[in-house]
Amino acid sequence: MKFGKGLAASVSILLICMLTACGGNDTSGRVQIEFFQNKPEAKGSFDALIQKFNESQSDITVVQVNPPDAETVLKTRVVKDDIPDIVGMGATDTYSLLAQSGIFMDMTGSPLLSRIDETYVQMLKDVSGMEEVIGIPYSTNANGVMYNKEIFSKLGLSVPRTWDELLATAKKAKDGGTIPFYFTYKDDWQTVLPFNALASNLEGIEFYLDRREGKVTFADRYREIAEKQLELMEYGHGDNFGKNYADGNRAFARGESAMYIQGTWAISEIRKANPEAPIGFFPLPTGDDPESNKLISGVDTLLAVAEDSKHKEEALRFIEFLLEPENSKQYISEQTLFSTVQGVTQDDPAVSELLPYLKRGQVVDFADHYIPAAVQLNSIIQSFLQNRDIDAYLKKLDTEWDKVADRR
Amino acid sequence: MNKRLMPYYLMTVPAVVLFFIFLTLPALQGVYYSFTNWNGFGDHYDFIGLKNYVNLFKDGNVGNAYWFTFKFAVVVTILINILSLLIAMGLNAKIKARNFFRGIYFLPNILSVLIVGYIFNYLFSNVFTIWGQNLGIGWLSTNLLGSEQHAWIGIVIVAVWQGVAYNTILYLAGLQTIPGTLYEASNLDGASRWQEFWKITFPLIAPFFTINMVLAMKNSLMVFDQIVALTNGGPGRATQSISHLIYTGGFEGGEFAYQSANSVIYFILIAAVSIAQIRFLQRREAEM
């Protein structure tokens, strides 16, 4: 019976595959938990921390998963009911959707939260619009203008503190033969960075709470934001829509531009290209009053545990390990982020100019964290910056917002 | 049951069952979800009837994606068929190192679309632009993919570059079914090259023309990988294809049910286009 034999063989191969793939425990009897995170920049840093954790434990093995386009992968996995034990992601609209769907464990009152700066716990509540705390804020970032200290001193430029000074600085850089801003707008998410600084500062987060209730419109309140973002485009390079984030990091590392509107997350990438890059950082000035200008800062990574996970306790132990001051410090130093853990400070000179803002609490969250992902803000802004039609842009923001609200 | 039929059942029934479980069932589920407001996760959802379908017709982004996809598909289908027929005739001629060239021309088909896309993406942004600057050619010195008006041309170039390989092989197979004696006879009658092509070659490979048109059209209507690798639908939504819209809207945007409705319409459309094409082209075959 040749046929039967072949069938038996294939069935047993199938069975073996299924058994090994589904088994949560590996051969040594350790519990295996999956840590899924969305930052490609941070893969190496987490690998090092995970190795340290695994060596210190006899019964848990943590495995990191970091696919490209992680937020989308996570959503597809959630659809399949295959949620990783621990998820590390930013406090974005995606997080808010997931938190509201009840797939993550409620952390309210967890002893782990007592180590965390209260501001960021509140930020999670604001983003999700829930009283419960779903996840532990782990690191925070800042979004502003990165500048090349060497070019600044060569051209005699100083750090601008108001919007007009910013444009004057850009003009001087241009006249001095340097590219003022290196725009990387082939990646549509890059176009959101100036938007966030302008929108959060000029209109504030309250705008979105009112917009949800239909009390205000973009057309009424976002004209100045649109005009200012368009004005910045005068100071780019020749191919603003042809370069992507990776191109920009490489170019800025080589000193091709004086300024680079970016988040602190890019510093580690820039240093990979040039460890000696003379980086400085200041908040994007948006108005006339330096005192009221806020730094854009949000939760870069929060740690959430799946409600359905079979190994919640082990997952919490790993989170506790990550929150230890020593480990948190290691992570934020490598990634040039800021820690949410009380008492852990960032000493990197590249971001030292931002510390006073964080210390005074002169910070505001990213505006786009409050815009539903289905609106696809990124592509709307990218398109606007190409066709430069302010009226159409503001109208588009309003209609897309209403359409999405209507479909929800 | 007849014993001799047993092996046939053993072979077909599992295939039918697998097909049903992995293709038919999910498709039916998709149709079911298209009448709800489910976001893809979460515990609850409500039935909302045809609301998703109504909203689809009101959504400019959906219209934009259908328009882009059809425009793209028509251009790509025509270009692929012209080029692959020309290349196939070249490769069918008595030239030196014929097998070597056949291998070379088939190479793009073996590479993964995504990898090809990323390579071209790099070329468009960092290589062609430098050539353009050095040669002083304006339109070449900025990235083609960064322009709302022209980005689709870049995607067409990559899609055609890769798509030609497969259709060339099919045309080559077709050309080899034509007996050489026909050409000898036409030579004796003094037919020109042009007459030879229209009177002999083209009618005799008509079935291959049909299948190539249908395949190229179907593949380019379903364009996805190239878009992801080259522009991610941008700038703005200038190059967003239907499948890309379904994927990003459904998963990134958390509008699973809404995009399920979109995919139902998309499925019906592709099926309709393919059937119409086959009908039309087969009738033409018979006439020739």
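Cut-offs used in this document
Every chain is numbered on its own, with residues counted from 1 as its sequence reads. Chain labels run from A onward and ligand labels from 1 onward, assigned in the order the entries are written. The predicted nature of this model means local features are confined to residues of pLDDT at least 70 and side-chain atom pairs, given and counted, to a pLDDT of 80 or more, with totals for whole chains, interfaces and linings taken over all residues. Only heavy atoms go into the side-chain values, all of them from the structure, while hydrogens and water stay out. UniProt positions are given in the numbering used here, feature names are shortened, and annotations may be inferred rather than shown by experiment. Each helix is a run of H or I in the DSSP string that is no shorter than four residues. Each strand is a run of E no shorter than two, and both are numbered from the N terminus. In this scheme, a residue with accessible area under 20% of its type's maximum is buried, one over 50% is exposed, and one in between is partly exposed, where area comes from a 1.4 Å probe on protein chains only. Computed with a 1.4 Å probe, the accessible areas rest on the Shrake-Rupley method; for each residue, only the protein chains presented here act as cover. Charge assignment in this entry is limited to Lys and Arg as positive and Asp and Glu as negative, and neither His nor the chain termini are counted. For this purpose, a charge sits on NZ of Lys, CZ of Arg, CG of Asp or CD of Glu. Only heavy atoms enter the contact rule, under which two residues are in contact if any of them lie within 4.5 Å. When two parts are put together, the accessible area they lose, computed with a 1.4 Å probe and summed over both, is reported as buried area. Salt bridges, as used here, are contacts in which a Lys or Arg side-chain nitrogen is within 4 Å of a carboxyl oxygen on Asp or Glu. Here the nonpolar group is Ala, Val, Leu, Ile, Met, Phe, Trp, Tyr, Cys and Pro; Asp, Glu, Lys and Arg are the charged ones; every other residue, Gly included, is treated as polar. Buried Ala, Val, Leu, Ile, Met, Phe, Trp, Tyr and Cys residues that are joined via side-chain atoms within 4.5 Å together make up what is termed a nonpolar core. The split of the chain into domains comes from an automatic or database domain assignment. Definitions used for this entry: grid spacing 1 Å over protein atoms alone; cavity, a set of points where a 1.4 Å probe fits but cannot get out; pocket, an open set with protein on both sides within 12 Å along at least 5 of 7 lines; lining residue, one with an atom within 4 Å of a point. Grid points are joined across faces, edges and corners, and a volume is the space filled by probe spheres set on the points. Only centres within 6.5 Å qualify two rings of Phe, Tyr or Trp (six-membered ring in Trp) as a pair; their planes then separate them into stacked at under 30 degrees, edge-to-face at over 60, and tilted for everything else. Put simply, a charge is over a ring when the Lys NZ or the Arg CZ is close to the ring centre, within 6 Å, and near the line of the ring normal, within 35 degrees. Here a polar contact means two N or O atoms within 3.5 Å. Within protein one must be a hydrogen donor candidate and the other an acceptor candidate, and residues neighboring in sequence count only if both atoms are side-chain atoms. The patches reported here contain residues having more than 30% relative accessible area and no salt bridge. Joining distances are 9 Å for like charges and 5 Å for nonpolar side chains (Val, Leu, Ile, Met, Phe, Trp, Tyr).

Chain B goes by Sugar ABC transporter permease in an unreviewed UniProt entry, where it is assigned to Paenibacillus ihbetae. Reading the Sequence similarities (unreviewed entry) entry of the UniProt record for chain B gives the comment "Belongs to the binding-protein-dependent transport system permease family."

You'll find chain A entered in an unreviewed UniProt entry as ABC transporter substrate-binding protein, with Paenibacillus ihbetae given as the organism.

### Quick look at the overall build of chain B
Of the regular secondary structure elements, chain B holds 12 helices and zero strands. Ordering the α and β elements of chain B from the N terminus gives α-α-α-α-α-α-α-α-α-α-α-α. For chain B, the proportion of its 288 residues judged to be buried stands at 43%. About 15,800 Å² of surface is accessible on chain B, with carbon and sulfur atoms providing 70% of the total. Each charge class in chain B can be summarised by its mean position, and for the 16 positive and 12 negative side chains these summaries are 11 Å apart.

### A word on the UniProt feature "domain: ABC transmembrane type-1" (unreviewed entry) in chain B
The UniProt record marks residues 66-277 of chain B with the feature "domain: ABC transmembrane type-1" (unreviewed entry), using the residue numbering of this structure. Taken end to end, residues 66-277 of chain B is 77% helix and 0% strand, and its first and last C-alpha atoms sit 18 Å apart.

### Describing the interface of chain A and chain B
Quoted interface sizes are often the accessible area lost when the parts come together. Across the boundary between the two partners, chain A contributes 33 residues, which contact 38 residues of chain B. Where chain A abuts chain B, roughly 2,900 Å² becomes buried across the two surfaces, and 46% of that area is made up of carbon and sulfur atoms. Ranking the residues of chain A by area buried against chain B places Val79, Lys186 and Arg407 of chain A at the top, with a combined share of 21%. The tally of links from chain A across to chain B stands at one salt bridge. Between Asp59 of chain B and Lys403 of chain A there is a salt bridge, with the nearest N and O atoms lying 2.6 Å from each other. Broken down by secondary-structure element, the contributors of at least two residues to the side of chain A that touches chain B are helix 3 (70-79), helix 4 (93-100), helix 12 (245-253), helix 17 (377-387) and helix 18 (390-407) of chain A. Looking at the side of chain A that touches chain B element by element, the count peaks at six residues for helix 18 of chain A. Considering only residue class, the side of chain A that touches chain B consists of 10 nonpolar, 11 polar and 12 charged.

### Observations regarding the nonpolar core
Core analysis: the largest hydrophobic core is formed by 137 residues, its most contacted members being Phe181, Phe195, Tyr208, Met259 and Phe318 of chain A. Looking at this core element by element, the count peaks at seven residues for strand 8 (residues 295-305) of chain A. Domain assignment of the residues forming this core places at least three in each of domain 1 (31-141 + 298-364) and domain 2 (143-296 + 369-406) of chain A. Residue contacts for Phe318 of chain A: discarding those within four places in its chain leaves Ile33, Phe35, Ile50, Phe53, Val62 and Ile86 of chain A. Judged by nonpolar contacts, the second largest core, of 34 residues, contains Ile80, Phe120, Ala216 and Ile227 of chain B.

### Description of unusual backbone geometry
With a phi close to 55 degrees, Arg388 of chain A is a non-glycine residue in the positive phi region. Tracing the backbone through its elements, the reader meets Arg388 of chain A in the loop between helix 17 and helix 18.

### With respect to the pattern of salt bridges
With the rule as written, the count across this model stands at 26 salt bridges over all chains. Taking the shortest distance from any N to any O, the salt bridge between Glu400 of chain A and Lys403 of chain A comes out at 2.9 Å. Taken together, the residues span about one helical turn, with Glu400 of chain A and Lys403 of chain A both in helix 18 at a distance of three residues. The class for Glu400 of chain A is buried, based on a relative accessible area of 2%. Counted as one network, the salt bridges with shared partners bring together Lys396, Glu400 and Lys403 of chain A together with Asp59 of chain B.

### A word on the layout of surface pockets
Residues and elements named next belong to chain B. When its volume is computed, the second largest pocket comes out at roughly 890 Å³. Lining the second largest pocket are 23 residues, with Pro26, Ala27, Ile246, Ser263 and Val264 positioned closest to its centre. Secondary-structure elements contributing two or more residues to the lining of the second largest pocket are helix 1 (6-33), helix 11 (242-252) and helix 12 (256-287). A total of nine residues in the lining of the second largest pocket trace back to one element, the largest contributor, which is helix 12. Tallied by class, the residues present in the lining of the second largest pocket amount to 16 nonpolar, seven polar and no charged.

### Digging into the UniProt feature "transmembrane region" (unreviewed entry) in chain B
All names here are of chain B. Here the UniProt feature "transmembrane region" (unreviewed entry) sits at residues 7-28, 65-91, 103-131, 151-175, 196-215 and 264-281. Counted over residues 196-215, helix gives 95% and strand 0%. Its end C-alpha atoms are 26 Å apart. When the span residues 264-281 is considered, its composition is 100% helix and 0% strand, and the gap between its end C-alpha atoms is 26 Å.

### With respect to the packing of aromatic side chains
In total, this model carries 47 aromatic pairs over all chains according to the counting rule given. On the basis of an interplanar angle of 50 degrees and a centroid distance of 6.1 Å, the ring pair of Tyr185 of chain A and Phe241 of chain A is categorised as tilted. In this pair, Tyr185 of chain A sits in the loop between strand 5 (179-181) and helix 8 (192-202) while Phe241 of chain A sits in the loop between helix 11 (223-232) and helix 12, placing the two residues 56 residues apart along the sequence. Since its relative accessible area comes to 3%, Tyr185 of chain A is described here as buried. Taken together, Tyr32, Tyr33, Trp38, Tyr45, Phe47, Phe224, Tyr247, Phe251 and Phe256 of chain B form an aromatic cluster joined through their ring pairs. Across from the ring centre of Trp152 of chain B, 5.5 Å away, lies the NZ or CZ of Lys71 of chain B, which sits over that ring.

### Quick notes on the domain arrangement of chain A
All names here are of chain A. For chain A, the assigned domains read domain 1 (31-141 + 298-364) and domain 2 (143-296 + 369-406). The centre of domain 1, based on its C-alpha atoms, is set 26 Å off from the matching centre of domain 2. Taken together, the contact between domain 1 and domain 2 spans 26 residues of the former and 31 residues of the latter. Both sides together, the interface formed by domain 1 and domain 2 hides about 2,400 Å², and carbon and sulfur atoms give 53% of it. For the pair domain 1 and domain 2, the interface holds one salt bridge. Put simply, Arg271 and Asp348 hold a salt bridge, and the shortest N to O gap is 2.8 Å. Across the domain 1-domain 2 interface, the total number found is 10 residue pairs in polar contact (both at pLDDT 80 or more).

### Considering the environment of Thr61 of chain A
All names here are of chain A. Within the secondary structure, Thr61 sits in strand 2 (residues 60-65). In this structure Thr61 comes out as buried when scored by relative accessible area, which is 14%. Separated by 290 residues in the primary sequence, Thr61 and Val351 have C-alpha atoms spaced 35 Å apart.

### Remarks on empty space enclosed by the protein
The tally for this structure, following the rule as stated, stands at three cavities of 30 Å³ or more. Here the largest cavity is characterised by a volume of approximately 80 Å³. What lines the largest cavity is a set of 13 residues, among which Ala374 and Arg407 of chain A together with Arg237, Leu245 and Gln259 of chain B lie closest to the centre. Tallied by class, the residues present in the lining of the largest cavity amount to four nonpolar, four polar and five charged.

### Description of helix 5 (residues 118-128) of chain A
Residue and element names in this part refer to chain A. Among all positions of helix 5, only Tyr120, Val121, Met123, Leu124, Lys125, Val127 and Ser128 are buried. Considering only its buried residues, helix 5 is in contact with helix 4, strand 4 (136-148), strand 8 and helix 16 (355-360). Looking one or two places after helix 5, you find Gly129, whose phi comes out positive at around 65 degrees.

### Focus on a negative patch on the surface
Residues and elements named next belong to chain A. On the surface, Asp164, Glu165, Glu227, Glu231, Asp288 and Asp289 cluster together into a negatively charged patch. At the level of elements, helix 7 (163-175) and helix 11 are the ones that each hand at least two residues to the negative patch. You can see Glu231 is positioned in helix 11. Assessed through its relative accessible area of 34%, Glu231 is described here as partly exposed.

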